[in-house]
Amino acid sequence: MSSPKEKETLQNAAGQLRLIKHFKAHSPDDQTAGWSNLWDTDSSNLWDRGMPSPALIDFIEERFDPLTKDGRRKKALIPGCGKGYDVVMLALHGFDVFGLEVSETGASVAREYAQSQLSSPQDYNFGPCRKENPRVEKGEVTILQGDFFKRDWESGMQFDLIYDYTFLCALHPNMRRQWAGRMADLLAPSGRLVCLEFPLFKDPKMLGPPWGLKGVHWDLLAEGKDGIVSGDVSEDANGEEKGAFERLLYLKPERSYANGKGTDMLSVYIKKST
């Protein structure tokens with residue numbers, strides 16, 4: 001008889017195979033329809049984690065103030081926000097948060113989740129480093145339906161914090177350069193792009209989603225390349241770094257999701273001053 005851990009591993013593998021098979025039927029230019037179809041057929045269990053990111057919680061509680069020096073509430077964006085776990089968590093920590101989903105079905109699910117959790121939050125929204133701050137109250141949540149690569153949803157907004165966990169790894173590799181360009185457009189001059197890099201255990205040459213991302217963030221953001229890598233790229237490489245971003249932080253989080261197999265890394269980027 002299989003152990004619970006073995007069963008979970010088998011279920012994860014079956015889910016990944018199903019995703020790969022599903023997206024084989026969609027061209028690289030038709031990824032949006034593929035994800036919308038999965039929402040509409042109630043298949044979000046293929047990627048749903050059931051809770052906010054422990055690594056993001058710890059980063060926020062240890063290192064990132066939700067208020068500016070003049071007391072303004074910082075504005076955060078989570079593209080591909082799923083059911084809204086991280087959106088709500090950030091709002092509970094004092095940010096005004098925008099969650100973006102390409103599917104109206106997904107956006108509706110996230111709105112329902114936010115309404116429930118903001119009034120009665122579960123303990124998993126907070127970490128061991130939580131500090132009570134009398135200055136900080138709950139922020140506002142806005143869930144938007146839209147295509148990250150189009151401009152009809154953002155109204156020229158820029159964000160103090162953008163978080164990416166499984167958004168980049170869900171995109172076809174041909175779209176990676178566009179992802180980096182949009183991140184540069186959407187991030188405020190003093191903002192932070194926080195990436196929980198996943199999956200790093202998967203060979204980037206293997207089919208996705210999720211697509212393996214070992215070396216991809218560095219290649220895209222710091223070196224300004226196309227993000228099509230072999231997996232041999234070192235994040236500490238001393239390249240020319242012609243990209244639009246500078247990496248401020250790179251660490252292995254003490255807590256992360258089990259499906260990262262202990263390989264997840266947290267990276268924080270800022271835009272280079274021009």
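The structure displayed is predicted, hence computed values, not measured ones. (Residues numbered from 1 in each chain as written. Predicted model: local features only at pLDDT ≥ 70, side-chain atom pairs only at ≥ 80, totals over all residues. Heavy atoms only, no water.)

A. Summary view of the environment of Glu 104. Tracing the backbone through its elements, the reader meets Glu 104 in helix 5 (residues 104-119). Owing to a relative accessible area of 40%, Glu 104 belongs among the partly exposed residues under this scheme. Residues Glu 104 and Ile 143 lie 39 residues apart in sequence; the distance between their C-alpha atoms is 9.9 Å. Apart from residues no more than four positions distant in its own chain, Glu 104 is found in contact with Arg 111 and Gln 145. (Helix = DSSP H or I, 4+ residues; strand = E, 2+ residues; numbered from the N terminus. Buried < 20%, exposed > 50% of the residue type's maximum accessible area, 1.4 Å probe, protein only. Contact = heavy atoms within 4.5 Å.)

B. Structural detail: helix 5. A rise of 1.5 Å per residue sets the reference length of helix 5, with its 16 residues, at 22 Å; its end C-alpha atoms lie 23 Å apart and thus fit the reference within 8%. Among all positions of helix 5, only Gly 106, Ala 107, Ala 110, Tyr 113, Ala 114, Gln 117 and Leu 118 are buried. Projection of helix 5 onto a plane perpendicular to its axis shows the buried side chains occupying an angular sector of 125°, all on one side. What points out from helix 5, more than 90 degrees from its buried face, is the exposed set Glu 112, Gln 115 and Ser 119. (Expected span 1.5 Å × (residues − 1). Arc of directions from axis to C-beta.)

C. Spatial organisation of the pattern of salt bridges. According to the stated counting rule, one finds 9 salt bridges in the structure shown. Between Glu 154 and Arg 182 there is a salt bridge; the shortest N-O distance is 3.2 Å. You can see Glu 154 sitting in the loop between strand 3 (141-145) and strand 4 (159-164) and its partner Arg 182 sitting in helix 6 (residues 176-186), a full 28 residues away along the chain. Summarising the burial analysis for this pair, Glu 154 and Arg 182 share the class buried. Among the salt bridges present, the one from Lys 205 reaches Asp 203, with a minimum N-O distance of 3.4 Å. Among the residues examined, Lys 205 registers a relative accessible area of 59% and is labelled exposed. A relative accessible area of 31% places Asp 203 in the partly exposed class. Overlapping salt bridges, with partners in common, bring together Arg 151, Glu 154, Arg 182 and Asp 185 in one network. (Salt bridge = Lys/Arg side-chain N within 4 Å of Asp/Glu carboxyl O.)

D. Spatial organisation of the packing of aromatic side chains. Taken as a whole, this structure holds 9 aromatic pairs when the rule is applied. Judged by centre distance (5.0 Å) and plane angle (75°), the ring pair of Phe 148 and Phe 167 falls under edge-to-face. Of the two residues, Phe 148 is situated in the loop between strand 3 and strand 4 and Phe 167 in the loop between strand 4 and helix 6; the sequence distance between them amounts to 19 residues. Each member of the pair Phe 148 and Phe 167 is classed as buried. Ring pairing ties together the aromatic residues Tyr 165, Phe 198, Phe 201 and Tyr 257, which thus form one cluster. For the cation-ring pair, Arg 182 lies above Phe 148, with the distance from its terminal atom to the ring centre recorded as 5.7 Å. The aromatic ring of Tyr 250 is capped on one face by Arg 247, whose charged end is 4.1 Å from the ring centroid. (Phe/Tyr/Trp six-rings, centres within 6.5 Å; stacked < 30°, edge-to-face > 60°. Lys NZ or Arg CZ within 6 Å of the ring centre and 35° of its normal.)

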